[in-house]
Amino acid sequence: MNILCSRNVKVSLFDRVGRHAINVDGITSRIEKFLLLLLFFATPPSSFSFRCASPKPNASCSSLVDYVSPNATTLSAIQTLFTLPNLTSILAANNLALSTPSTHHIASQQIIKIPFPCICTNGNGISNGLPSYTIVGGDGLYHITAEVFSGLVSVKQIQAANNISNPDLIIEGQNLSILLPCSCDDVDGQKVVHYGHVVPAGSSVEGISQHFNIPKDTLLRLNNLTSPAELMAGSILDVPLRACSSMINNNSMDYPLLVPNDTYALTAGNCVVCKCDAALQWMLQCVPSGSCLSDSVRCEGP
């Protein structure tokens with residue numbers, strides 16, 4: 001068993017994709033030590049939880065969150081990082097063709113929407129069972145939070161979720177639960193897909209409101225902002241995405257099938273693909289996926 005110190009006199013920070021190291025040697029002054037402490041354990045401004053006050057105990061749903069890739073990578077690597085069971089879910093969330101290969105190139109700083117299961121507990125929403133991350137040599141908690149997962153989770157959140165009392169000591173080979181922010185709450189009486197939108201620099205509440213066609217007051221209320229001036233670049237904003245209407249019965253295994261605009265979902269055992277396009281009056285458009293061996297499944301959507 002190897003115990004890794006996440007803060008030492010000599011520190012190596014490893015980039016998960018590029019695998020290059022930055023060494024900091026001879027830290028002797030109090031100022032240098034203090035600055036390093038801030039670097040390693042400062043909580044990114046983007047890390048917080050979304051409210052999830054669903055009246056149903058342990059309510060669950062599907063959610064989305066932005067992942068800003070820190071380096072050039074592939075869809076396959078992102079699927080592995082977030083422990084997603086299949087590539088199709090990423091393709092659907094990002095409106096990429098089903099024929100897109102797992103080796104599809106993702107540029108540095110490119111945003112990929114990550115779909116994941118959400119569960120409500122103690123008034124907050126958290127990812128349910130994934131992602132999971134295995135500690136490797138050279139890892140530190142700050143590196144994992146800020147550089148591997150691009151600030152989607154904080155050091156304190158990892159400590160709490162994994163019963164790590166001393167953030168300076170982590171164990172190589174240990175599996176960490178990574179809790180992503182999410183919610184399953186209805187918004188203004190409508191079922192929505194909660195989307196963790198990483199706020200780009202230069203954004204405004206008004207601009208985000210117009211882009212996603214969501215009232216400013218709703219964005220402020222959901223994100224506990226008393227003023228648009230409180231919006232911070234890099235923060236994760238809870239954006240409730242309207243979903244297309246469907247004809248799926250409430251006793252169906254796929255109910256509720258919530259598909260936001262410019263995304264699609266595979267249903268009926270992957271035999272049917274249902275796409276949401278706001279330009280088509282917010283009605284879910286379902287067609288055979290072409291990947292089903294059985295011809296007995298038909299789409300019941302409009």
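No experiment lies behind these values; they were computed from the predicted model shown. (Residues numbered from 1 in each chain as written. Predicted model: local features only at pLDDT ≥ 70, side-chain atom pairs only at ≥ 80, totals over all residues. Heavy atoms only, no water.)

The subject of this paragraph is the environment of Thr83. Relative to the helices and strands, Thr83 resides in the loop between helix H2 (75–81) and helix H3 (88–93). Separated by 50 residues in sequence, Thr83 and Tyr133 place their C-alpha atoms 8.2 Å apart. Sequence-distant contacts of Thr83, that is, excluding residues within four places in its chain, are made with Leu130, Pro131 and Ser132. For Thr83, the side chain forms a polar contact with the main-chain nitrogen of Ser132, separated by 2.9 Å. (Helix = DSSP H or I, 4+ residues; strand = E, 2+ residues; numbered from the N terminus. Contact = heavy atoms within 4.5 Å. Polar contact = N/O pair within 3.5 Å; in protein donor to acceptor, adjacent residues only side chain to side chain.)

Attention now goes to the nonpolar core. One finds Phe82, Phe149 and Leu176 to be the most contacted residues of the largest nonpolar core, which totals 43 residues. Of all elements in the fold, only strand S5 (60–68), H2, H3, strand S8 (111–121), helix H4 (141–148) and helix H5 (155–162) reach the threshold of two or more residues within this core. At five residues, S8 tops the list of elements feeding residues into this core. If we ignore the near neighbours within four places in the chain, the residues touching Phe149 are Tyr67, Leu81, Phe82, Pro131, Tyr133, Ile144 and Ile178. In this structure, Ala93, Val199, Val239 and Leu241 belong to the second largest nonpolar core, which totals 15 residues. (Core = buried A, V, L, I, M, F, W, Y, C linked by side-chain atoms within 4.5 Å. Buried < 20%, exposed > 50% of the residue type's maximum accessible area, 1.4 Å probe, protein only.)

Okay, the sheet that holds strand S18 (residues 285–288) next. Ordered in space as S16-S17-S18, the three strands form an open sheet in which the pairing is antiparallel. Each edge of the sheet is formed by a strand with only one pairing partner; in this case those strands are strand S16 (263–267) and S18. On average, each strand axis in the sheet is inclined to that of its neighbour by 25°, with strand direction left out of account. Note that strand S17 (residues 272–276) and S18 share four bridges and pair antiparallel. In the strand pairing of S18, Val272 is matched with Pro288. (Pairing = 2+ DSSP bridges. Axes fitted to C-alpha atoms, helices over the stretch in contact; angles between N-to-C directions.)

The next subject is H5. Val155, Ile158, Gln159 and Asn162 are the residues of H5 that are buried. Projection of H5 onto a plane perpendicular to its axis shows the buried side chains occupying an angular sector of 100°, all on one side. Exposed and oriented more than 90 degrees from the buried face of H5 are Lys156 and Ala160. Phi for Asn163, located one or two positions after H5, is positive at around 55°. (Arc of directions from axis to C-beta.)

Okay, the state of the cysteines next. Evaluated as defined, the whole model comprises five disulfides. Linked covalently through their sulfurs, Cys52 and Cys120 form a disulfide whose S-S length is 1.6 Å. Placement of Cys52 in the loop between strand S4 (50–51) and S5 and of Cys120 in strand S8 is noted, with a sequence separation of 68 residues between them. Taking relative accessible area as the criterion, Cys120 reaches 6% and is therefore assigned buried. Linked covalently through their sulfurs, Cys244 and Cys276 form a disulfide whose S-S length is 2.1 Å. Around the S-S axis, the bridge from Cys244 to Cys276 shows a dihedral of about 75° and counts as right-handed. Placement of Cys244 in the loop between strand S15 (236–242) and S16 and of Cys276 in strand S17 is noted, with a sequence separation of 32 residues between them. (Disulfide = S-S within 2.5 Å.)

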